[in-house]
Amino acid sequence: PADVAGEWQVREESGGFQGTLTLSQRYQKVGGTLTLPNGKPQPLLGASLRGDKLWFSFVDGENNLRTGTVTVAGAKLYGDLSLSGRTTNVTGARK
């Protein structure tokens, strides 16, 4: 599996969302938090890693469940962030 452990700065390309993804990893087992702009860390729900694909969900600052599906490529990640059927592009970089 890809090495995803550490801190990642992530943001929607539209500029609507940004935060710090903090991940711990033991082989394919992944866990962590997403710290929102208000400084509140939210636990990742159902995080999983298969190869270079990472899936996770979290509750955002407005109590909406959001789901991320990203591909990890070295020190960068890219993919989608979904909310109520709407999907936006998200990018990130290891801190």
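The following paragraphs examine the structure supplied in this document. The structure displayed is predicted, hence computed values, not measured ones. (Residues numbered from 1 in each chain as written. Predicted model: local features only at pLDDT ≥ 70, side-chain atom pairs only at ≥ 80, totals over all residues. Heavy atoms only, no water.)

1. Here's the deal with the sheet that holds strand S6 (residues 53–59)
Whether parallel or antiparallel, the strands of a sheet pair through hydrogen bonds between backbone atoms.
So, step 1. Across the sheet, which stays open at both edges, the nine strands sit in the order S4-S3-S2-S1-S9-S8-S7-S6-S5 with antiparallel pairing between neighbours. The sheet is open, and its two borders are formed by strand S4 (41–43) and strand S5 (45–50), each paired with just one other strand. Within this sheet the neighbouring strands show an average axis-to-axis angle of 25 degrees, counted without direction.
So, step 2. Relative to strand S9 (residues 86–94), strand S1 (residues 6–12) is paired through five bridges, and the arrangement is antiparallel. If you follow Val 10 over to S9, its bridge partner there is Gly 92. (Pairing = 2+ DSSP bridges. Helix = DSSP H or I, 4+ residues; strand = E, 2+ residues; numbered from the N terminus. Axes fitted to C-alpha atoms, helices over the stretch in contact; angles between N-to-C directions.)

2. Overview of the packing of aromatic side chains
So, step 1. Taken as a whole and assessed by the stated rule, the structure comprises two aromatic pairs.
So, step 2. Here a set of aromatic residues connected by ring pairs shows up, and it is made of Phe 17, Phe 56 and Phe 58.
So, step 3. We note Arg 66 situated over the ring of Phe 17; from NZ or CZ to the ring centre the distance is 5.4 Å. (Phe/Tyr/Trp six-rings, centres within 6.5 Å; stacked < 30°, edge-to-face > 60°. Lys NZ or Arg CZ within 6 Å of the ring centre and 35° of its normal.)

3. Section: empty space enclosed by the protein
So, step 1. Following the criterion strictly, the structure yields one cavity of 30 Å³ or more and no others.
So, step 2. Its volume calculated, the largest cavity comes out at about 50 Å³.
So, step 3. Along its surface, the largest cavity is lined by Val 10, Phe 17, Leu 21, Leu 34, Phe 56, Phe 58, Val 70, Leu 77, Leu 81 and Val 90.
So, step 4. Those elements giving two or more residues to the lining of the largest cavity turn out to be S6 and strand S8 (76–83).
So, step 5. Per-class residue counts for the lining of the largest cavity are 10 nonpolar, no polar and no charged. (1 Å grid on protein atoms, 1.4 Å probe; cavity = no way out; pocket = protein on both sides within 12 Å on 5 of 7 lines; lining within 4 Å. Points joined across faces, edges and corners; volume = space filled by probe spheres on them. Nonpolar A, V, L, I, M, F, W, Y, C, P; charged D, E, K, R; others polar.)

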